[in-house]
Amino acid sequence: MKRLWKALSLPLYAVITGLILGAIIMAIAKYNPWSAYGSLLMGAFGNPIAIGNTVSGAIPLMLTALGIAVAFRTGLFNIGAEGQYWVGAMAAVFIGYNFASMPWYFHIPLALIAAMVAGGLWGGVIPGLAKAWVGAHEVITTMMMSYIAILLAHYMVEKGPMMQQGFVPQSPPITSSATLPTILTNSNLSAGLYIALAAVVVVHILLFYTSFGYKLRAVGYNAFAARYSGLPVALYTVLSLGISGVLAGLAGGVQFLGVDYQLTDTFQSGYGYTAIVVALLARNNPLGIVLASIFFSALSSGSQMMQITSGVSANMTDVITGIIIFFVAADRLYAYILRTFRKKQVIAVARKEVQG
Amino acid sequence: MALLEIAGLRKVFGQVVANDHVDLTVMPGETHAILGENGAGKSTLIKMISGLYKPDAGTILFDGALRNFNNPREAIVAGIGVVHQHFMLIPALTVAENVVLGIHGGWGRYDRKTAEEQVSKLSKEVGLPLDPTRKVEDLPVGMQQRVEIVKALYRQAKLLVLDEPTAVLTPQETEDLFEVVHHLNQDGIPVIFISHKLDEVRAVAHKVTVMRAGKTVFESPVGSASAQQLAYWMVGRDIVLQTQRDVVQSGATVLSVNDLTVFDDRHTKKVDNVSFAVKEGEIFGLAGVDGNGQTELVEAITGLRKLAHGSVYLQDKDISRASVAKRIEQGIAYIPQDRQRDGLVLPFSIADNLQLREVSKAPFSKGGWLQKRAARKHAEQLVEEFDIRPRNVDLPVGDLSGGNQQKVILAREMARRPMLLVAVQPTRGLDVGAIEGIHKHLLALRSEGRSILLVSLELDEILMLSDRIGVMHAGHLVAVYNNGEVSREELGLAMTGEITAKEAGA
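Read on for an overview of the structure. This structure is a prediction, so every number in the text was calculated from the model and none was measured.

Quick notes on the rules
- Residues numbered from 1 in each chain as written.
- Chains lettered and ligands numbered in written order.
- Predicted model: local features only at pLDDT ≥ 70, side-chain atom pairs only at ≥ 80, totals over all residues.
- Heavy atoms only, no water.
- Helix = DSSP H or I, 4+ residues; strand = E, 2+ residues; numbered from the N terminus.
- Rg over C-alpha atoms; globule rule 2.2 N^0.38 Å.
- Buried < 20%, exposed > 50% of the residue type's maximum accessible area, 1.4 Å probe, protein only.
- Contact = heavy atoms within 4.5 Å.
- Areas by Shrake-Rupley, 256 points an atom, 1.4 Å probe, with all protein chains shown as cover.
- Lys, Arg positive; Asp, Glu negative; His and termini not counted.
- Charge placed at Lys NZ, Arg CZ, Asp CG, Glu CD.
- Buried area = accessible area lost by both parts, 1.4 Å probe.
- Polar contact = N/O pair within 3.5 Å; in protein donor to acceptor, adjacent residues only side chain to side chain.
- Nonpolar A, V, L, I, M, F, W, Y, C, P; charged D, E, K, R; others polar.
- Axes fitted to C-alpha atoms, helices over the stretch in contact; angles between N-to-C directions.
- Parallel < 35°, antiparallel > 145°, perpendicular 65-115°, else oblique.
- Left-handed = near helix turned anticlockwise from the far one by under 90°.
- Patch = residues over 30% accessible without salt bridge, like charges linked within 9 Å, V, L, I, M, F, W, Y side chains within 5 Å.
- Salt bridge = Lys/Arg side-chain N within 4 Å of Asp/Glu carboxyl O.
- Pairing = 2+ DSSP bridges.

**A closer look at the overall build of chain B**
Helices and strands together make up the secondary structure of chain B, namely 17 helices and 22 strands. For 506 residues, the compact-globule formula gives about 23 Å, and the C-alpha radius of gyration of chain B, at 25 Å, lands near that figure. Counting only C-alpha atoms, chain B reaches 70 × 50 × 45 Å along its principal axes. Looking at chain B as a whole, 54% of its 506 residues are labelled buried. For chain B, the proportion of contacts with a sequence separation of at least 24, taken over those separated by at least 6, is 67%. Carbon and sulfur atoms provide 50% of the accessible area of chain B, an area that totals close to 22,100 Å². If you average the places of the 57 positive and of the 64 negative side-chain charges in chain B, the two averages end up 5 Å apart.

Listed below in C-alpha cells is the structure:
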C-alpha cells in the first residue's frame, strides 16, 4: 500500500502542478480558471456521450502507450510509434475494404492481426535488428521509419494503390464485416475498448508474471547483468521493440475499424507522441496507463467545450500538457523538495526537544 | 630546499584509515616515485596534494608556504599539475582548446590563433610536440596524455604529478613518456610518478617512496635499493594468518585452460598464451597487479569475451565457443569484479536477484510462468543461510549495503552448487566481518570438492585461501607456485615482472 502510494504520488503531483500553473496562466490572461476547468470537465465527462468519446479517444493512446512502455521497460526508446500506428492503420483498412464476403469473426481478427504484424515489423523488427547488428540507435531508426510510414500512407491514398475511385484522396471505407461495433449509441466508443483493456491485462501479466517479462525487465534495468546472466541481449532488444510495434500497430487497426473506417489524407494522429507522455506519466505501469490515457484524452475532448463556453483557447490544454511533461520529467525536483522539507522538519523537532 | 614537504598526513573515511603518517619530500628537478599495491593509499595522497580531499591531520608545505587547499583550483593556481589516470579532456575539442580551457580570455571570447600559437610553442619547448588544431578524440592515448601534461604546464605547474601514467600506454609510448619526464627534470620541474611497476620506477625515478596500508614505509634513492628490497617493502612482511584449511585430496581436473590468447575491446592482446588447470577441491589463486589480463582471462572462461586462440575445457567438455547460458548450465558460477554493474539488477528485489541466472528453470518458472512462491521460499532460505540483512526479500537490492549486495551474489552463485566458481575480488570494499564470512563460505565450497578460481589483487587473500597460486604479469602467467612453498617477496617480484620465466612447477 505504501509502495503503491509512493508510485502514484509523483505523477499525481505533476498533474496537480500542471493544472495549478495552467490556472495561474488563465488568471493572468483574465479568464476565470474555475469556469474554464468546469467546462473542460463537462466537455469530457458531462454526459454519457461525452464520456464515451473521451474513453474512445483513450483507446489508441492506451494501446500505443502500452507499446512504448514495453520498450521503456527494456531500456529502449520507441519514438516512432506514430508511424507504427499508421502502418497498422493501413494494413487494417486494406484488409477491411477487401474480403467483403468474409464473416466478421474472421474479417476483424484478420485485419487486426495484419495491423499488428505490420506495426511489429515496421517499428520493432527492422529497428531492432539494426540496433542488434550494427548498433544503430533506436531513437533515430524508429523516428525515421515513422516518417517513411506517414509519407507512405499519403502516397497510398494520393493516387496510390489504396486510393478510392474518383478524385478525393482517400481509401474506400471498410466493409461492415470488418467494422468494430459501437457500444455506446451516438458516441465513438467501439468494442475496441475491450481489446485495449485486454491488451493492458495481457501486457501486465507478460511483464510481471512470466519469465519472459522478467528477462525483458532485467535487460532494461541492467544490460550488463543480463549478459552476465546468459541472456541474449540483442534478441530481447528485437523482441521488445517488436512487441512495442505490435501494440502501436494494433492501436491503428482498432482506431480505423472502430472509429475512422477509411484513410483520408490527414495523417496526424499525434497519438504516437502523446502516448510517450502517457507512458512517462504512468511510469510504464500498464494499469497506470489506463488512467493516464483517459486523463489526456479528457484534456483533448474537453478542450472544445472549454473554448466555446469560457473563451479559453483549446490550445491551453497543450500548455497544461507541456507543464505536466516538464514536472514528470523533473521528478527529481520533487524528491529534492520533499527531502529538504523533511530535513527542516527533523531540525525543527530536534530544536524543540533541546529547548523543551 | 625542498619544493614539496609533506609531514604526518592523515585521512580517514568512516572507519577506514586511508592515509596515516604519510611523509614525502620532493626536491626540485627530481623524479620521485611512489610505489605501492592497489589500495595502499597512493590515490588518496594524490587527491590531498591536488586539493580534492582535505587532510584530517598533517601539513603540506609547497613552494615555501603552508598550503591548505579548499579545492583543486587553488592547487592548480599554486602550481600543482596533476595528470590523472583517467584523462580530464573534452574529446570533441581541439588540443589548443583543451589546453586553454577555463583560463583563456573572459566571457566567451576565444582567440583561436593566439591560443594555437601559444600551445604549439609551449609544447615544442618542453619537448612534447603537438598539433594544436587536432581534435583530442582523434589522438592516440599517448598523445592525449601529452595534452594533459601540456595543459598542466600551461597553467604554470611547478610540480607535476603523474598518476599511474603507464597503465594505458604501449611500451613505445612509455619510453617516450620517460624522455619527457627527463626533459622536465632538466627544466627544474620535479615529477611525482605513481606506479606499482618496479621496472618502471627503476628506469625513470631518482628517489622512491614505498607506501603500504596507507603509510609511507620506506624511502631511498632508487640506485641504492634492490628490487627485492622494494618488493619486500611493498607487499609487507606481516605474517599471513592461516585459516584452517583441511587437506582435500586433489582429484580430477575440472577446468583446463590451454594456450589461451584474448584481446580486449581496443584489440590489445591482454592474455598471451596462458595455460593452467584447476583440480577438484582446489582453490587456484590468481595474483597480479590490476590490469595484467586477469579480467580478460576470466571473461574468456565465463563466456563474456571471445577467445582469439586456445581452448577452455570444463571437465572433458570443450566450452571454448559455448554461450554464457550454456556455461552456466554446465556448472560455472561467477562472482564478477564489479558487482553493481555485472552481478546485480539493482532495482530488482533480493528474491528476483537470487534467481537471476536461472529464471527460466524450475523451480523459478514453469512453462514460462514465474513461480513467485518458489522464488520467495528459495530467497528466504538463502537470506537466512548467508545472513543477508535486512531479512526482507522484497527489498530492492540497490537499498542494501555493499557487503550485503555481495552476499546476495555469493548466495546465488553458491546455491547452485557449481562445479567451478570463478570469484573475482570477492571481498573488495567490504569490512573485516563480511570478508571473514565470505572466506568461510569459499572454503566450505572447497571442502565439498568443488573448484574455485580466485582472482584477487589482495595478496593476503590469495595466500590465505589458495592451494596453488598463479601470478599474471603483462598477459602472461609468469609463475605457478604451491602455497606454502613461496614467500611474499617472490610473489611480489613475479607480480611486478621481475620474474619472467616459469620458475616453479605446477
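**Brief notes about the interface of chain A and chain B**
Size of an interface, as often reported, equals the accessible area lost when the parts are brought together. Opposite the 19 residues of chain A that make contact, chain B presents 31 residues. When chain A packs against chain B, close to 2,100 Å² is buried across both sides, 60% of that on carbon and sulfur atoms. Our count for the chain A to chain B interface comes out at 13 residue pairs in polar contact (both at pLDDT 80 or more). At the level of secondary structure, the elements contributing two or more residues to the side of chain A that touches chain B comprise α7 (192–209), α8 (211–221) and α9 (223–228) of chain A. Examining the composition of the side of chain A that touches chain B, we find that 7 residues originate from one element, α8(A), more than from any other. Among the residues forming the side of chain A that touches chain B, the class breakdown is 10 nonpolar, 5 polar and 4 charged.

**Quick notes on the packing of helix α4 (residues 81–97) of chain A against helix α11 (residues 271–281) of chain A**
Residues and elements named next belong to chain A. Direction vectors running N to C along α4 and α11 enclose 130°, while the axes themselves pass 7 Å from each other. As summarised for this structure, α4 and α11 are arranged oblique, according to the angle between their axes. α4 and α11 meet at a crossing whose hand is right-handed. The residues of α11 that touch α4, namely those facing A81, E82 and Y85, are Y271, G272 and Y273.

**Some details on the packing of helix α3 (residues 48–73) of chain A against α7(A)**
Residue and element names in this part refer to chain A. Following both chains from N to C, one finds α3 and α7 inclined at 20°, their axes separated by 9 Å at the closest point. Classified by the angle their axes make, α3 and α7 are roughly parallel. Note that α3 runs across α7; the crossing there is left-handed. Residues V55, I59, M62, L63, L66, V70 and R73 of α3 pack against G192, L193, A196, L197, A199, V200, V203, L207 and F208 of α7. By residue class, the composition of the contact of α3 with α7 is 14 nonpolar, 1 polar and 1 charged.

**Overview of a nonpolar patch on the surface**
Together, A:W5, A:L8, A:L12, A:Y13, A:I16, A:I20, A:L21, A:I24 and A:I28 give the surface a local cluster of nonpolar side chains, amounting to about 850 Å² of exposed area. Inspection of the secondary structure assignment puts A:W5 in helix α1 (residues 2–28).

**Looking at the sheet that holds strand β14 (residues 309–314) of chain B**
Residues and elements named next belong to chain B. Overall, antiparallel pairing links the 4 strands, which are arranged β12-β11-β14-β15 in an open sheet. Each edge of the open sheet is held by one strand with a lone partner, namely β12 (269–279) and β15 (317–318). Relative to β14, strand β11 (residues 253–263) runs antiparallel, the two being bridged by 5 bridges. Within β14, the residue paired with V257 across the bridge is V312.

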